[in-house]
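Notes for the structure review
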Amino acid sequence: MTTEEYELIAQKIRPKLLAVGRNFAPVAPTDAEDMAQEALIRLWEMVRQDYPVRDAEALAVRIAKNICISRYRKTQQKEQPLTHDNYSGGTDATTLTNAEDIRKIKHLAYGTLTRTQREYLHLRNDEEMTLDEIAQMTGKPKTSIKSTISAARRQLLNMIKTEL
Amino acid sequence: MINISDKDVRKELVSRYLDAGTTPDEERVLVDHYLNNDNVDSDELPFARLIRMEYADGNKKTYIMNRDKAMDTVSFMAIN
């Protein structure tokens, strides 16, 4: 995608991004203009990194929603008063340390997957996107995405079994 | 309503999960079960560990596992 093509697309989708920001305004302190700008910058960064963007509009809207959700969560964290009643059970320092270890193990295990497998797993597991949404975003066939995710999950499971 | 306490239901879900054929809602139920159930059958343990590795790191699902399960996952996966 060239700079000119990107600018044309950006102009076209900007109103939709502003609408996303306004929709989230009641729950998240989001300035629609700032959010739209940030979403477009992130889209441009993905384009520059040769991310396979097939549907720029769908991708930009997804980015915009993620930004709004991220800001909403930050607001929740700030507003939560710090009292002894707020500490939930089972999340002491040891547990958090173990969680960090698991994160490192996950990083190592995911290192054996292909970039596409990691991307699709991220979209599926972390972003909770359906196969149809991933297909729409990436422009790849749904069957191909399904088989890629399946292969990745089975590969990780086999790795776990052989480590035992 | 998914009866996740039924082992046959779990087996069917696990099979579809590995085929990437489960919906996000079904996966949520499955993940919740394996992260928060202390009594996992031995034949389900590898899958439980897969789920714990995939989801217990503070991502969007924000699952938190208890210390024993975290220790179990860490100790078995001590990478050589």
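Residues numbered from 1 in each chain as written. Chains lettered and ligands numbered in written order. Predicted model: local features only at pLDDT ≥ 70, side-chain atom pairs only at ≥ 80, totals over all residues. Heavy atoms only, no water.

So, about the overall build of chain B. When helices and strands are tallied, chain B shows 4 helices and 0 strands. Ordering the α and β elements of chain B from the N terminus gives α-α-α-α. Within chain B, the proportion of its 80 residues that are buried is 50%. Sequence separation of 24 or more characterises 47% of the internal contacts of chain B that already satisfy a separation of 6 or more. By element, 49% of the accessible surface of chain B is carried by carbon and sulfur atoms, the whole surface being about 3800 Å². (Helix = DSSP H or I, 4+ residues; strand = E, 2+ residues; numbered from the N terminus. Buried < 20%, exposed > 50% of the residue type's maximum accessible area, 1.4 Å probe, protein only. Contact = heavy atoms within 4.5 Å. Areas by Shrake-Rupley, 256 points an atom, 1.4 Å probe, with all protein chains shown as cover.)

Quick look at the side chain of Gln-117 of chain A now. Looking at the secondary structure, you find Gln-117 of chain A in helix H5 (residues 115–126). Setting aside its immediate chain neighbours within four residues, Gln-117 of chain A contacts Thr-148, Ala-151, Ala-152 and Gln-155 of chain A.

Our focus in this paragraph is the nonpolar core. Ranked by internal contacts, the top residues of the largest apolar core, which has 59 residues, are Leu-17 of chain A together with Phe-47 and Leu-50 of chain B. Of the residues forming this core, the biggest block, 8 residues, is contributed by helix H3 (residues 56–79) of chain A. Those residues within four positions of Leu-17 of chain A in sequence are excluded, and the remaining contacts are Met-35, Ala-36, Ala-39, Leu-40, Ala-60, Val-61 and Ala-64 of chain A. (Core = buried A, V, L, I, M, F, W, Y, C linked by side-chain atoms within 4.5 Å.)

A complete count under the given rule lists 3 aromatic pairs over all chains for this structure. Both rings, one in Tyr-6 of chain A and one in Trp-44 of chain A, keep their centres 4.8 Å apart while their planes meet at 45 degrees; by these two values the pair is tilted. Here Tyr-6 of chain A, found in helix H1 (residues 3–24), pairs with Trp-44 of chain A, found in helix H2 (residues 32–48); they are 38 residues apart in sequence, far enough to count as distant. The class of Tyr-6 of chain A is buried, set by a relative accessible area of 11%. Taken together, the ring pairs connect Tyr-17, Tyr-34 and Phe-47 of chain B into an aromatic cluster. The ring of Tyr-17 of chain B is capped by Arg-153 of chain A, whose NZ or CZ atom sits 3.7 Å from the centre of that ring. (Phe/Tyr/Trp six-rings, centres within 6.5 Å; stacked < 30°, edge-to-face > 60°. Lys NZ or Arg CZ within 6 Å of the ring centre and 35° of its normal.)

By the element assignment, His-33 of chain B lies in helix H2 (residues 24–36). Contact partners of His-33 of chain B, with chain neighbours within four places excluded, come to Ile-4 and Arg-10 of chain B.

As a further point, take the pattern of salt bridges. Residue and element names in this part refer to chain B. Counted by the stated rule, this structure contains 16 salt bridges over all chains. For Asp-41, the salt bridge goes to Lys-7, with nearest N and O atoms at 2.9 Å. Separated by 34 residues along the polypeptide, Asp-41 in the loop between H2 and helix H3 (45–55) and Lys-7 in helix H1 (residues 7–18) bring together distant segments of the chain. Residue classification places Asp-41 among the partly exposed residues on the basis of a relative accessible area of 32%. Lys-7 is the salt-bridge partner of Asp-43, the closest N and O atoms lying 3.0 Å from each other. (Salt bridge = Lys/Arg side-chain N within 4 Å of Asp/Glu carboxyl O.)

For the rest of this paragraph, the subject is the confidence of the model for chain A. Mean pLDDT over chain A: 79, with 80% of residues reaching 70 or higher. Looking over chain A, one finds the lowest element-wise mean pLDDT in helix H4 (residues 93–110) of chain A, namely 70, and the highest in helix H7 (residues 142–163) of chain A, namely 92. (pLDDT = per-residue confidence, 0-100.)

Attention now moves to the environment of Thr-138 of chain A. Residue and element names in this part refer to chain A. For Thr-138, the position within the fold is in helix H6 (residues 131–138). Sequence separation between Thr-138 and Val-53 is 85 residues; the distance between their C-alpha atoms is 5.9 Å. With residues near it in sequence (within four places) discarded, Thr-138 still touches Tyr-51, Pro-52, Arg-54, Tyr-120 and Ile-145. Side-chain polar atoms of Thr-138 contact the backbone oxygen of Ile-134, separated by 2.8 Å. (Polar contact = N/O pair within 3.5 Å; in protein donor to acceptor, adjacent residues only side chain to side chain.)

Residues lying three or four places apart along an α-helix face the same way, a consequence of the helix completing one turn every 3.6 residues. Residue and element names in this part refer to chain B. With 12 residues, H1 should reach 16 Å at 1.5 Å per residue; the first-to-last C-alpha distance of 16 Å fits that figure. The N-cap of H1, judged by a side-chain oxygen 2.8 Å from the amide nitrogen of Asp-8 a few residues on, is Asp-6. Looking one or two places after H1, you find Ala-20, whose phi comes out positive at around 60 degrees. (Expected span 1.5 Å × (residues − 1).)

Of note, the phi angle at Glu-128 of chain A is positive, near 55 degrees, even though the residue is not glycine. Within the fold, Glu-128 of chain A resides in the loop between H5 and H6. Given the relative accessible area of 26%, Glu-128 of chain A is considered partly exposed. Even without being glycine, Ala-20 of chain B reaches a positive phi, approximately 60 degrees. When you line up the elements, Ala-20 of chain B lands in the loop between H1 and H2.

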